[in-house]
Amino acid sequence: MNPALTVVKTSDAAATARRRDIRGASLQSQILSKYLQFTVRPFLTVWAQAPSLPWPMGLVDYAGLLVPQISGTTRSRVMLSECEAEWIRAEGSGTDRVVLYMHGGAFVCSGLRTHRRMTSRVSKSVDGAVLSVNYRMMPRNPIAHAVEDGVDAYRFLLDSGYRPDQIIMGGDSAGGYLAFMVTLALRTVGLPAPAGIFTMSPLTDMDPTGKLTHENAGKCSVFPSNAVPALTALADRVDARIVIEGERGPRVSPVDGDLAGLPPVLIQVGSTEMVYADAELMAERLAVAGVDCELQVFEDQVHVFQAADFVPEARRALRAIGEFARNVSPRTES
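Caption draft 1: Local environment of the pattern of salt bridges. Taken as a whole and assessed by the stated rule, the structure comprises 19 salt bridges. Here Glu294 ties to Arg18 by a salt bridge, and the two come within 3.6 Å at their closest N and O atoms. With a gap of 276 residues between them, Glu294 in strand S10 (residues 293–298) and Arg18 in strand S2 (residues 16–22) connect regions that are remote in the sequence. Exposure remark for Glu294: the relative accessible area of 12% places this residue in the buried category. The residue Arg187 makes a salt bridge to Asp258 at a minimum N-O spacing of 3.7 Å. Residue Arg187 is found in helix H6 (residues 174–188), and its partner Asp258 is found in the loop between helix H8 (227–239) and strand S9 (265–270); the two are separated by 71 residues along the sequence. A relative accessible area of 54% places Asp258 in the exposed class. Overlapping salt bridges bring together Arg75, Arg77, Glu84, Glu86 and Arg116 as one network.

In structure tokens:
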């Protein structure tokens, strides 16, 4: 079925947000949803009851070895100031654009390995290299340090010869939060904005209220409702160790930032996800700020379904990301 394009009015009568609903859920996506309901969701239910315990989250990244990069991809390590990063280049990818990618994992797990197949597929879709950032995570580091690592990676790309109009910010889940926050942070350090931002199932609001009161609170195949306040509480405890002039700094979420002047944005989300409320709110706030944004809602898709390349909807979503990248950062004529 063809996707439906609607225009969503916001509280500002002059502002609109484009929304594209992609109908239908394949058998593959339904099987994936059931699998996650009986595996990942129960684990997160237990984790949320005691998130401060020394869970072996570092082992999660090694699970990525089971899903290697797509054939023909090359990779190389980069050392940034405080963390590692990795160049990912799909076979035959061009040199005119680059993606700065921030991985998901609730700020506590995952990394270069878990996202290597995803980033290699992104590289192929956008026809450009991907710089995947292995940013510092909780509980050893506050979220602010992950934002700093993203800014450092952006500087690295500029120093490597890329122009801002060739750079696209991307991320999934918590990495979507970081994609927005890094772009906002660039302004504070006097750096130009990238050409565009794409996010998959982004977390955009650290306040759990909107997610817990939304009808999706009990529908998500991945996140139980108790995981949302647990993540926020963990972030607050980590942040409490970091003081600024004797006081803890205020928490800032992308939805509460000064969004005016951001580059074009593409947001993809599943219709039954826990973070659907975040995606919709972010699209509305971007529209009010005058930012060009499209919200693509995929019916009954799981959190970051794009990572499952056996799911037809994932392939469609990555093609849309590639189209977005080519529109905001067109190939330079030689």
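Once you've had a look at it, read on.
Caption draft 2: Summary view of the nonpolar core. Counting residues in hydrophobic clusters, the biggest one holds 82 residues, and the most contacted among them are Phe107, Met138, Leu178, Ile267 and Leu286. A per-element tally of this core places H6 first, with ten residues. In terms of nonpolar packing, the next biggest core, distinct from the first, is built from 18 residues, Ile88, Val122, Ile321 and Phe324 among them.

The rules behind each value
- Residues numbered from 1 in each chain as written.
- Predicted model: local features only at pLDDT ≥ 70, side-chain atom pairs only at ≥ 80, totals over all residues.
- Heavy atoms only, no water.
- Salt bridge = Lys/Arg side-chain N within 4 Å of Asp/Glu carboxyl O.
- Helix = DSSP H or I, 4+ residues; strand = E, 2+ residues; numbered from the N terminus.
- Buried < 20%, exposed > 50% of the residue type's maximum accessible area, 1.4 Å probe, protein only.
- Core = buried A, V, L, I, M, F, W, Y, C linked by side-chain atoms within 4.5 Å.

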